[in-house]
Number of protein chains: 2
Amino acid sequence: MGNVIADMSMSLDGFSTGPNDGPDNPLGEGGDRLHAWMAGLGDWGERPDLTGPHAEVFRASRGHVGAAVMGRRVFDNGVAPWGENPPFHVPVFVVTHQARQPLARQGGTTYTFVAGGIASALAQAQAAAGDKDVLLGGGADIVRQFLEAGLVDELQLHLVPVLLGGGVRLFDRMGPEHIELNCVRVVDAPGVTHLRFRIMR
Amino acid sequence: MGNVIADMSMSLDGFSTGPNDGPDNPLGEGGDRLHAWMAGLGDWGERPDLTGPHAEVFRASRGHVGAAVMGRRVFDNGVAPWGENPPFHVPVFVVTHQARQPLARQGGTTYTFVAGGIASALAQAQAAAGDKDVLLGGGADIVRQFLEAGLVDELQLHLVPVLLGGGVRLFDRMGPEHIELNCVRVVDAPGVTHLRFRIMR
């Protein structure tokens, strides 16, 4: 079985969106700043044409991914921009409260909606991924639930050097149990520092 | 005139102390974890005997420091452990609400208490530092005030790979003005990642 890898962009002050997010502005004010480093990187899969430090991280993070898990809000915000041929090219499991029929897209992406909680979503994703990794793509609440349940093996954090002053905190309302990590790779790239951590058990 | 350098240890979830800090436990539960990387590094001044990545960062951060500024609570918690020959070896200006007589210590450290606010403390520190840097050593509230007032040139952040789940947030209640930084140096050292940023104006 592969690893469960939480993959998130975060501002230096700990936010994964900017302030005042809402249906019309899902990333919040300035939240697109957190994803600017990704511009032009394209698909999550193998991209042998990509070069540079971002691309290396991108490939290492996502090239061995066999399935993805995300929250319903991330899905709701993403499904339109991701379009008919989404960048995942793997089965995507959406944690939701309302079951619905799967959505098949081109290029290998299928959205499956899981109403049974994070453990059920993870079990389905791991079954689909086989010996490849499961990518946990947010939002912050889903990542927190996975961390608190001890279900994350690695955290790939894209630290963006901006203080947003508000928004959704990636690490908020965590329990009092300290979680130790081990930093296994640092890539200092233009406009972002890619930090990869193993969660210590 | 030198730079104003805020120098802080922070957990991955953004805390500069652990939870439930108080007079008997100034760093909070697990807060000593944030400073463990410093063990054995000793004085803030030039230490040509130190080697390794921590030492390089330590010297680069603190070797060119001509004065320091800190909050009263940091002083209150530190004055006893720092002892008769404190590690600073430069004039230290303590931001406080109650003026009191300066305290001279051995080895070049003098604690001067400034009741006129952060701008006054900084002016006195810069006068004492001459063309050397002013080190801003916390706490979080003082660093925030300096950042919001646009008085910080560089941020030296010692990012410790632990999720504490509570405590005092280093970047909390910041204004809505986004502050852009430029990461100018990353040192991946055992148990800590040293990140140095220039504040963009």
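Student: Which parts of the structure should I look at to understand the overall build of chain A?
Tutor: Secondary structure assignment for chain A yields four helices and ten strands. Along its sequence from the N terminus, chain A presents helices and strands in the succession β-α-β-α-β-β-β-α-β-α-β-β-β-β. Summed over its atoms, the accessible surface of chain A is roughly 8,400 Å², and 51% of this surface lies on carbon and sulfur atoms.

Student: Can you help me understand the relation of the copies chain B and chain A in this one?
Tutor: For the pair chain B and chain A, the relating rotation is 180°, the translation along its axis is 0.0 Å, and the fit reaches an RMSD of 0.0 Å. What we have between these two chains is a two-fold relation. It is G14 of chain B whose C-alpha, among those of chain B, lies nearest the rotation axis, at 3.2 Å. The fraction of interface residues of chain B whose copies in chain A are also interface residues reaches 100%, indicating that both copies meet through the same surface.

Student: How do you make sense of the packing of aromatic side chains when you look at a structure like this?
Tutor: Residue and element names in this part refer to chain A. Applying the stated rule across the entire model yields eight aromatic pairs over all chains. Geometrically, the ring pair formed by F75 and F113 is edge-to-face, given 5.0 Å between the ring centres and 85° between the ring planes. In this pair, F75 is assigned in helix α2 (residues 72-82) and F113 in strand β5 (residues 110-114), connecting sequence segments 38 residues apart. F113 sits in the buried class, given a relative accessible area of 8%.

Student: Would you mind going over the pattern of salt bridges with me for this structure?
Tutor: Between side chains of opposite charge, a pair can form as their charged atoms come close. Residue and element names in this part refer to chain B. Going through the model one piece at a time under the given rule, you end up with 16 salt bridges over all chains. When the shortest N-O distance is used, the salt bridge between R73 and D21 registers 2.2 Å. Here R73 is found in helix α2 (residues 72-82), whereas its partner D21 is found in the loop between β1 (4-11) and α1 (52-62), with 52 residues between them in sequence. The exposure class of R73 is partly exposed, given its relative accessible area of 44%.

Student: Help me understand the sheet that holds strand β3 (residues 91-95) of chain B, please; the structure alone is not making it clear to me.
Tutor: Note: strands within a sheet are paired through backbone hydrogen bonds, in either parallel or antiparallel orientation. Taken in spatial order, the ten strands line up as β8(A)-β9(B)-β10(B)-β7(B)-β1(B)-β6(B)-β2(B)-β3(B)-β5(B)-β4(B) in an open sheet, and their pairing is mixed. The strands lining the two open edges of the sheet, one partner per strand, are β8 (162-163) of chain A together with β4 (103-104) of chain B. Of the strand pairs in this sheet, β4 of chain B and strand β5 (residues 110-114) of chain B are connected by two bridges, and their pairing is antiparallel. Within the sheet, the bridge partner assigned to A104 of chain B lies in β5 of chain B and is T110 of chain B. The sheet strands contacting helix α4 (residues 140-148) of chain B are β8 of chain A together with β1, β2 (65-71), β3, β6 (133-136), β9 (179-189) and β10 (192-199) of chain B, and the helix crosses β1 of chain B at an angle near 135°.

Student: Just checking my understanding: could you explain empty space enclosed by the protein for this structure?
Tutor: If a probe the size of a water molecule is rolled over the atoms, the empty space left behind becomes visible. Going through the model one piece at a time under the given rule, you end up with one cavity of 30 Å³ or more. Estimates place the volume of the largest cavity at around 100 Å³. In terms of lining residues, the largest cavity is bounded by 14 residues, among which D13, G14 and R169 of chain A together with D13 and G14 of chain B are the most central. Broken down by class, the residue content of the lining of the largest cavity amounts to eight nonpolar, two polar and four charged.

Reading guide: rules and limits
Residues numbered from 1 in each chain as written. Chains lettered and ligands numbered in written order. Predicted model: local features only at pLDDT ≥ 70, side-chain atom pairs only at ≥ 80, totals over all residues. Heavy atoms only, no water. Helix = DSSP H or I, 4+ residues; strand = E, 2+ residues; numbered from the N terminus. Areas by Shrake-Rupley, 256 points an atom, 1.4 Å probe, with all protein chains shown as cover. Least-squares fit on C-alpha atoms with pLDDT ≥ 70 in both. Contact = heavy atoms within 4.5 Å. Phe/Tyr/Trp six-rings, centres within 6.5 Å; stacked < 30°, edge-to-face > 60°. Buried < 20%, exposed > 50% of the residue type's maximum accessible area, 1.4 Å probe, protein only. Salt bridge = Lys/Arg side-chain N within 4 Å of Asp/Glu carboxyl O. Pairing = 2+ DSSP bridges. Axes fitted to C-alpha atoms, helices over the stretch in contact; angles between N-to-C directions. 1 Å grid on protein atoms, 1.4 Å probe; cavity = no way out; pocket = protein on both sides within 12 Å on 5 of 7 lines; lining within 4 Å. Points joined across faces, edges and corners; volume = space filled by probe spheres on them. Nonpolar A, V, L, I, M, F, W, Y, C, P; charged D, E, K, R; others polar.

None of this, on its own, says anything about what the molecule does.
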